[in-house]
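# Chains, contacts and geometry: an overview
Chain by chain, the residues:
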Amino acid sequence: MGGLQPWHWVIVIAVFVVLFGAKKLPDAARSLGKSMRIFKSEIKEMQADSQSDKPAQPTQIASERASGPADGATTQAAADPSSDKRPA
């Protein structure tokens, strides 16, 4: 009851052939294959990017918080509270 039996697959294939026709099925399969290759390459690229972006060490983060921004500048919102664009 949990899995698909061979006759289930026969019915599914027959429905696809009736709905899409025998001429369009190879094109649809080709498009699906291209999409899967693109998807896999994007996943691999995202994994490579996440591995190359290593987080900063905790001591470095703590020293940056204590000393403030690296250039010593303050943000515009902190310097000018009237620049707040939120409705009252």
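Looking up the chain in an unreviewed UniProt entry gives the name Sec-independent protein translocase protein TatA, with the organism given as Mycolicibacterium cyprinidarum. On record in UniProt, under Function (unreviewed entry), the comment for the chain is "Part of the twin-arginine translocation (Tat) system that transports large folded proteins containing a characteristic twin-arginine motif in their signal peptide across membranes. TatA could form the protein-conducting channel of the Tat system." Entered under Subunit (unreviewed entry) in the UniProt record, the comment concerning the chain runs "The Tat system comprises two distinct complexes: a TatABC complex, containing multiple copies of TatA, TatB and TatC subunits, and a separate TatA complex, containing only TatA subunits. Substrates initially bind to the TatABC complex, which probably triggers association of the separate TatA complex to form the active translocon."

## Section: the pattern of salt bridges
When their charged atoms lie close together, side chains carrying opposite charge are able to pair. Inspection of every chain in the model, using the stated rule, returns one salt bridge. Between Asp 27 and Arg 30 there is a salt bridge; the shortest N-O distance is 2.8 Å. Residue Asp 27 and its partner Arg 30 are located together in helix H2 (residues 24–52), separated by three residues, close to a single helical turn. A relative accessible area of 41% places Asp 27 in the partly exposed class.

## Examining the packing of aromatic side chains
This structure, assessed with the given rule, holds one aromatic pair. Arranged with centres 5.8 Å apart and planes meeting at 20°, the rings of Phe 16 and Phe 20 form a pair that is stacked. A residue pair is termed a helical-turn pair when its members lie 3 or 4 positions apart in one helix, as Phe 16 and Phe 20 do in helix H1 (residues 6–20) at four residues. For Phe 16, a relative accessible area of 41% translates into the label partly exposed.

## Quick word on a negative patch on the surface
On the surface, Glu 42, Glu 45, Asp 49 and Asp 53 cluster together into a patch of negative charge. Position of Asp 49 among the secondary structure elements: in helix H2. A residue is classified by how much of its surface remains accessible, and Asp 49, at 41% relative accessible area, is partly exposed.

Cut-offs applied
Residues numbered from 1 in each chain as written. Predicted model: local features only at pLDDT ≥ 70, side-chain atom pairs only at ≥ 80, totals over all residues. Heavy atoms only, no water. UniProt positions renumbered as here; feature names shortened; annotations may be inferred. Salt bridge = Lys/Arg side-chain N within 4 Å of Asp/Glu carboxyl O. Helix = DSSP H or I, 4+ residues; strand = E, 2+ residues; numbered from the N terminus. Buried < 20%, exposed > 50% of the residue type's maximum accessible area, 1.4 Å probe, protein only. Phe/Tyr/Trp six-rings, centres within 6.5 Å; stacked < 30°, edge-to-face > 60°. Patch = residues over 30% accessible without salt bridge, like charges linked within 9 Å, V, L, I, M, F, W, Y side chains within 5 Å. Areas by Shrake-Rupley, 256 points an atom, 1.4 Å probe, with all protein chains shown as cover. Lys, Arg positive; Asp, Glu negative; His and termini not counted. Charge placed at Lys NZ, Arg CZ, Asp CG, Glu CD.

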